[in-house]
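Chain residues, written in single-letter form:
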Amino acid sequence: MPPRTERQPQGRVLIADDEAAIANGLSAILSDEGYQVEVAADGQKALERLSTERFGVVLADLKMPKLDGIALLKSIRERKIPTEFVMITGQGSTEMAIEAMKQGAADYIEKPLNADRLNKLKVQIPKLLQQFAVQEQNQQLSAKLEGLTHYGELTGQSEAMRLVYQIIDAVAPSNASVLILGESGTGKELVARAVHAKSDRAKGPFFALNCAALPKEILENELFGHEKGAFTGSTNEKQGAFELADGGTLFLDEIAEMSPDVQVKLLRALETRQVRRLGGKKEIDVDIRVVSATNRNLEEALAESEMREDLYYRLAVVELALPPLRERTDDVQLLASEFLERFSNENGKKITDFAEDARQWVLSYHWPGNVRELKNTVERGVIMARGDKILLSDLLPRHLKQTADMPASVTIPVGSSVQDAQRQLVLRTLASANGDTARAAKILGMGPEDVRRELLALIDGPPRVPAGSQGVEDNGRAVRRAPTASAAATEVPLPGSGKAKPTKKR
């Protein structure tokens, strides 16, 4: 007899069948396989058990008193009870079996339950239990992330950031390479540190290297190290980033700026997990996880052969796109308040808030420099402030220029509601009017109270940014994919800008 495999803790099966012989027979067979099995004599009793206990799989007869199989399945789905459902049907009940599949059943099995059908069921149940376990984990993760404002060193409670947190949580325990995409200032290194901190490598080193900051020869030396005498002036041996990150995570920022020659050597090191120092003769084994980042358009970099396609696929086992701050307006106030508190403490000042006009400007400005620009702006405001509030005049002077510095259009991601679009238009127009509510209202053709209402709605509880605009999968799953164009978006000209732009792909 082959050794019995261990069953997962979730291996609970509920059998709903009014034929005692079939129910008890199935129960004995599945119990012998190592599952925890319970029997319900009809659909109503099965629904009552499912309302109080969790079962990974339900095997239900199509014809039962009180509540038949189809009605039981519909009730399970209506109540959103998590379980995998298999319908047991009689011969000639194909139409009802198809209806069960439409209602969400994972599969169906026909009577009589002969040896072949029972063997098929034995093979299928572990797979269904695994699907159930994954759904349970996803639900627990969603519940944990709901309302979360901080994740490692990252700050944000918007839907866009919760999707980022979910991907980090999913990919961190693995050893897969991660490629982080995002504009400058969005926090790519903070994401890399979060991936490291949540992984099994957290006790190992985290080594960061900016590939754009160093010339080709120096970058190669920094990556792989050198032996004594490898070149003029090398009086000592030196470990490179691969060796220094051994047992931990190597973060390569601005990876698309690396020269093609170095890319070839990097690809070999990633494939073999071995490096050879400059001037060295032996291969050195390294155990690292590589997380890389870029703010470049990878389609262009690949098309122009500035980045090797084989290296891209090696680095982007999982791709994570960070949204710019302008697409997560929900988080602007949260970030601004945190920076205000931090820099007030650091500078020994008792600044409690922003003046109303300063707050309106902070919420409506488009922040091309993203979180980094917001952070620097608030720090300057704290330093320049003379009272207990930051005034509009305390903020960076260049931000107070007229509309020439403001974009002539607002980008509305596909999937946005009319309310989202209106709010974006109001905020950007207000920013172009330097926070002057009356002037912005006149440009928009709205009343000043309507403009203030939009601002208050954002402060009290803004609508969430549509998940589909973020460049990550809507269900939060980490996926491998080739570079694709981002979601289509419509650029709407700001009122009074005189610069209408056609709808286009970004």
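In this text, all values refer to a predicted model and were calculated from it rather than measured experimentally.

### So, the pairing of strand β8 (residues 178-181)
No. 1: Here β8 shows no split at all, with V178 and I180 on one side and L179 and L181 on the other all buried.
No. 2: The pairing of β8 with strand β15 (residues 289-294) spans four bridges and is parallel. Residue V178 lies in a different strand from β15, and its bridge partner there is V291.

### A few points about the sheet that holds strand β5 (residues 107-110)
No. 1: Strand order in the open sheet made by the five strands is β2-β1-β3-β4-β5, with parallel pairing throughout. Every other strand in the sheet has two partners, leaving β2 (36-40) and β5 as the edge strands with one partner each. The sheet shows a mean angle of 20 degrees between the axes of neighbouring strands, direction not considered.
No. 2: Helix-sheet contacts for helix α3 (residues 69-78) involve β1 (12-16), β3 (57-61) and β4 (84-89), and the interaxial angle to β4 is about 170 degrees.
No. 3: Contacts from helix α4 (residues 94-102) reach β4 and β5, with the element oriented near 155 degrees to β5.

### Re the nonpolar core
No. 1: L223, F242, L252, I255, M258, L266 and M307 are the most contacted members of the largest nonpolar core, which has 33 residues in total.
No. 2: Only β8, α8 (216-224), α9 (241-244), β12 (249-253), α10 (260-272), α11 (298-303) and α12 (309-315) provide two or more residues apiece to this core.
No. 3: Of all the elements, α10 adds the most residues to this core, at five residues.
No. 4: Excluding residues within four positions of it along the chain, F242 makes contact with L223, F224, L250, L266, A269, L270, V275, V286 and I288.
No. 5: L335, A336, I351 and W361 belong to the second largest nonpolar core, which has 24 residues in total.

### Side note on the packing of aromatic side chains
No. 1: If you walk through the whole model with that rule in mind, you get eight aromatic pairs.
No. 2: Seen from their ring centres, Y151 and Y165 are 4.8 Å apart, and the 5 degrees between their planes marks the pair as stacked. Taken together, the residues span a long stretch of sequence, with Y151 in strand β6 (residues 150-151) and Y165 in helix α6 (residues 159-171) at a distance of 14 residues. The exposure classification of Y151 matches that of Y165, with both residues buried.
No. 3: Measuring from centroid to centroid gives 5.7 Å for F224 and F242, while their planes differ by 15 degrees, and the two rings are stacked.

### Section: the environment of E19
No. 1: Tracing the backbone through its elements, the reader meets E19 in the loop between β1 and α1 (20-32).
No. 2: Sequence-wise, E19 and D61 are 42 residues apart; in three dimensions their C-alpha atoms are separated by 8.9 Å.
No. 3: Setting aside anything within four residues of it in sequence, one finds E19 in contact with D61 and K111.

### A look at the sheet that holds β8
No. 1: In spatial order, the strands read β9-β12-β15-β8-β16; together these five strands make up an open sheet with parallel pairing. Of all the strands in the sheet, just β9 (206-210) and β16 (318-321) have a single pairing partner and so form its edges. In this sheet, neighbouring strand axes are inclined to one another by 20 degrees on average, regardless of whether the strands run parallel or antiparallel.
No. 2: Both β8 and β16 contribute to a ladder of four bridges, which runs parallel. Directly across from I180, in β16, lies its bridge partner L320.

### Digging into the confidence of the model for the chain
No. 1: Looking at the chain, pLDDT values average 80 and 81% of them are 70 or higher.
No. 2: Model confidence for the chain, summarised as mean pLDDT per element, is weakest for strand β20 (residues 489-493) at 52 and strongest for β8 at 96.
No. 3: Confidence drops under a pLDDT of 50 for residues 1-9, and excluding neighbours within four residues, the segment shows 10 contacts in the predicted structure.
No. 4: Segment residues 399-405 is flagged for pLDDT under 50; beyond a separation of four residues in sequence, or across chains, it makes 12 contacts in the model.

### Some thoughts on the pairing of β15
No. 1: β15 sits mainly inside the fold: six of its six residues count as buried.
No. 2: Side chains of β15 alternate between two faces, with R289, V291 and A293 and V290, S292 and T294 buried alike.
No. 3: As paired elements, β12 and β15 share four bridges and run parallel to each other. Along β15, the bridge assignment pairs L252 with S292.

### Focus on the layout of surface pockets
No. 1: Of the voids in this model, the second largest pocket is the one considered here, and its volume is about 520 Å³.
No. 2: Around the second largest pocket, the lining is made up of 25 residues, and of these G185, T186, G187, L190 and V371 lie nearest the centre.
No. 3: Going through the elements one at a time, β7 (154-155), α7 (188-197), α13 (332-346) and α15 (370-384) are the ones with two or more residues in the lining of the second largest pocket.
No. 4: For the lining of the second largest pocket, the class distribution of residues is seven nonpolar, six polar and 12 charged.

### Here's the deal with the packing of helix α2 (residues 43-52) against α3
No. 1: At a minimum axis separation of 9 Å, α2 and α3 run at an interaxial angle of 20 degrees. Classified by the angle their axes make, α2 and α3 are roughly parallel. The crossing of α2 and α3 is right-handed. In this structure, α2 contributes G43, A46, L47 and L50 to the contact, and α3 contributes L72, S75 and I76.
No. 2: Class assignment of the residues belonging to the contact of α2 with α3 gives a composition of five nonpolar, two polar and no charged.

Conventions we followed
Residues numbered from 1 in each chain as written. Predicted model: local features only at pLDDT ≥ 70, side-chain atom pairs only at ≥ 80, totals over all residues. Heavy atoms only, no water. Buried < 20%, exposed > 50% of the residue type's maximum accessible area, 1.4 Å probe, protein only. Helix = DSSP H or I, 4+ residues; strand = E, 2+ residues; numbered from the N terminus. Pairing = 2+ DSSP bridges. Axes fitted to C-alpha atoms, helices over the stretch in contact; angles between N-to-C directions. Contact = heavy atoms within 4.5 Å. Core = buried A, V, L, I, M, F, W, Y, C linked by side-chain atoms within 4.5 Å. Phe/Tyr/Trp six-rings, centres within 6.5 Å; stacked < 30°, edge-to-face > 60°. pLDDT = per-residue confidence, 0-100. 1 Å grid on protein atoms, 1.4 Å probe; cavity = no way out; pocket = protein on both sides within 12 Å on 5 of 7 lines; lining within 4 Å. Points joined across faces, edges and corners; volume = space filled by probe spheres on them. Nonpolar A, V, L, I, M, F, W, Y, C, P; charged D, E, K, R; others polar. Parallel < 35°, antiparallel > 145°, perpendicular 65-115°, else oblique. Left-handed = near helix turned anticlockwise from the far one by under 90°.

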